[in-house]
Amino acid sequence: MSFTRRQILTGLAGLGVVGLAGSGARYWLGRPADITTHDYELIAAPLDVELVPGHVTPAWAYGGQAPGLELRGRQGDWLRVRFINNLPEPTTIHWHGIRLPLEMDGVPYVSQLPVLPGEFFDYRFQLHDAGSFWYHPHTSSAAQLGRGLVGPLIVEEREPSGFRHERTLNLKSWHVDKQGAFTEFSVPREAARGGTPGVLSTVNGTHAPTLDLPAGQVVRLRLLNLDNTLTYRLNLPDSGARIYALDGHPVVPMPLGKEYWLGPGMRIDLALKVPEAGVELSLRNGPLRLATLRSVAHDEVAGDWPPALPANPVAEPDLQRAETLRFNFEWAGTLSTDAAQGGAYTFWQINGEAWDINDKTCADRPIATLKKDGHYIFELRNLSQYQHPIHLHGMTFKVISSNRRKIDPWFTDTYLLGKNETARIALVADNPGVWMFHCHVIDHMETGLMAAIEVV
Ligand code: C2O
Ligand code: CU
Ligand code: CU
């Protein structure tokens, strides 16, 4: 695809629209009240936040929040977002997990030009699937996501789902020191291993918050892993919580059990029957407390488990006639010589090829070409000692088998591929375009673990 600057309306007009001058605010959110669809003006801009008590962190925010403003739409409706870049550098928005036309996918030089400082870009697409999704840049990702440019996108079911209460919990660990200053978002020796972790865990931008929930009610907890690196080993002891959806897509409700591994980019929707007032539950990552869920008195009659959520309209792959493609994910640390010449580090590769984030032509050399409406099985082999949350843009796939665990097939956009695991996923290639296929550990993606898959 080629671009002209005309595709992006530029500059001052955008600033005029949001009326920055005079208000003193560095952001502004507008949502017209007189229309029934969900429209937003979303501004990315610097914002000082207090993550470490008494200290300032120079975050970057969407809609005046880091993590960003929660965008909501209803299944079947269009979402129209005028995105305004008031950052000091180019950026884009990618809508993670949303099945949309390529032009709206937010990948620089693949689906659009970067949105320059002072410019705006109108994203608009129809919401085919209900569920918990999110948005983030696809430019300088380690730093831009690391600074806080991550936000939830909630698509409500077309008909009321049976949940009357819900909370979104955005999980993110920040790369900050004890004074709240940012540390390196990506350190080469970490990028070559499990990725560079942040040290300060937060839920909705606060370390270990206490969240009040209505006693006796069933609450839908939407847990989103918006972190660059960490796989959260989620647990909610003694809660009896049930899983209703994974990565946006409904599953047959089942107990959360001991622990669920939520990799970067992944989401889980839980139903929690909130215990009697005064009881506290602990949401944890392994043994570490992420948040306290505190039950407070509530006068509605007690709720019961809602029925399973309705399935999304994702095409069912036919495994009998599917063609199998193989993808090997490998460590390639010794290839990293380009870095000496100022190029990108390449520690990782897919089928022997490392993506170079500085090379704007990589997407012209797709790693696989799928026939429109063809049925495919991808065999994903992890030949490394680290796990990789493997994510595909543009299409939703079904996880069908693994050599490491029992799979009850489910639809997703991200599969956490374990160490030395081989898993099979299947999809119908029903969305034409050039789609990124990458690990969502951001510094793996930026050091080679990305490829383009073309559907024609
Ligand atoms: Cu959240 Cu390219 O993805
Ligand atoms: Cu994505
Ligand atoms: Cu990875």
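First, a word on scope: everything that follows refers to the structure included in this document. Predicted, not measured: the structure shown is a model, and the values here were computed from it.

### Observations concerning the overall build of the protein chain
Part 1: Within the protein chain, the secondary structure is distributed over four helices and 30 strands.
Part 2: With 456 residues in all, the protein chain has 59% of them scored as buried.
Part 3: For the protein chain, restricting intrachain contacts to residue pairs at least 6 apart in sequence, the fraction spanning at least 24 positions comes to 73%.
Part 4: Split by element, the accessible area of the protein chain, about 18,400 Å² in all, is 51% carbon and sulfur.

### Looking at the nonpolar core
Part 1: Leu-236, Ile-268, Phe-327, Leu-370 and Phe-378 are the most contacted members of the largest nonpolar core, which has 64 residues in total.
Part 2: Those residues in contact with Phe-327 that sit more than four places away from it in its chain are Ile-350, Asn-351, Ile-367, Ala-368, Phe-378, Glu-379, Leu-380, Arg-381, Phe-437 and Ile-453.
Part 3: One finds Trp-60, Ile-93, Trp-95 and Phe-121 within the second-largest nonpolar core, a separate group that totals 26 residues.

### Quick word on the coordination of the copper ion (ligand 2)
Part 1: Around the copper ion (ligand 2), the protein contributes the donor atoms His-94 (NE2) and His-391 (NE2), at 1.9 Å from the metal centre. With His-94 in strand β5 (residues 94–96) and His-391 in strand β24 (residues 388–392), this pair connects stretches of sequence that are 297 residues apart.
Part 2: Overall, the relative accessible area of 1% leaves His-94 in the buried class.

### Digging into the coordination of the copper ion (ligand 3)
Part 1: Within the protein, the atoms that donate to the copper ion (ligand 3) are His-388 (ND1), Cys-439 (SG) and His-444 (ND1), at distances of 2.0 to 2.1 Å.
Part 2: Taken in sequence order, the residues that donate to the copper ion (ligand 3) follow the motif H-x50-C-x4-H. The exposure classification of Cys-439 matches that of His-444, with both residues buried.

### Topic: the pairing of strand β29 (residues 433–439)
Part 1: In terms of burial, β29 is a largely internal element, seven of the seven residues being buried.
Part 2: Taking every second residue as pointing to the same face, both faces of β29 are buried, with Gly-433, Trp-435, Phe-437 and Cys-439 on one and Val-434, Met-436 and His-438 on the other.
Part 3: In the sheet, β24 pairs with β29 via three bridges, with the strands oriented antiparallel. Note on β29: the bridge partner recorded for Leu-392 is Phe-437.
Part 4: Bridge count for β29 against strand β30 (residues 450–455) is six bridges, and the pairing is antiparallel. In the sheet register, Met-436 faces β30, and the bridge partner there is Ala-452.

### Overview of the pattern of salt bridges
Part 1: If you walk through the whole model with that rule in mind, you get 21 salt bridges.
Part 2: The salt bridge partner of Asp-129 is Arg-99, with a shortest N-O separation of 2.7 Å. Taken together, the residues span a long stretch of sequence, with Asp-129 in the loop between β6 (120–126) and β7 (131–136) and Arg-99 in the loop between β5 and β6 at a distance of 30 residues.
Part 3: Among the salt bridges present, the one from Arg-220 reaches Asp-269, with a minimum N-O distance of 2.9 Å. Note that Arg-220 is positioned in strand β12 (residues 218–225) and Asp-269 in strand β17 (residues 267–273), a separation of 49 residues in sequence. Comparing Arg-220 with Asp-269 shows no difference in burial state: the two are buried.
Part 4: Among the ionic contacts, a cluster of salt bridges with common partners joins Glu-70, Arg-72, Arg-74, Glu-156, Glu-157, Glu-166, Arg-220, Arg-222 and Asp-269.

Cut-offs used in this document
Residues numbered from 1 in each chain as written. Chains lettered and ligands numbered in written order. Predicted model: local features only at pLDDT ≥ 70, side-chain atom pairs only at ≥ 80, totals over all residues. Heavy atoms only, no water. Helix = DSSP H or I, 4+ residues; strand = E, 2+ residues; numbered from the N terminus. Buried < 20%, exposed > 50% of the residue type's maximum accessible area, 1.4 Å probe, protein only. Contact = heavy atoms within 4.5 Å. Areas by Shrake-Rupley, 256 points an atom, 1.4 Å probe, with all protein chains shown as cover. Core = buried A, V, L, I, M, F, W, Y, C linked by side-chain atoms within 4.5 Å. Donors = N, O, S within 2.8 Å, 3.2 Å for Na, K, Ca; no water. Pairing = 2+ DSSP bridges. Salt bridge = Lys/Arg side-chain N within 4 Å of Asp/Glu carboxyl O.

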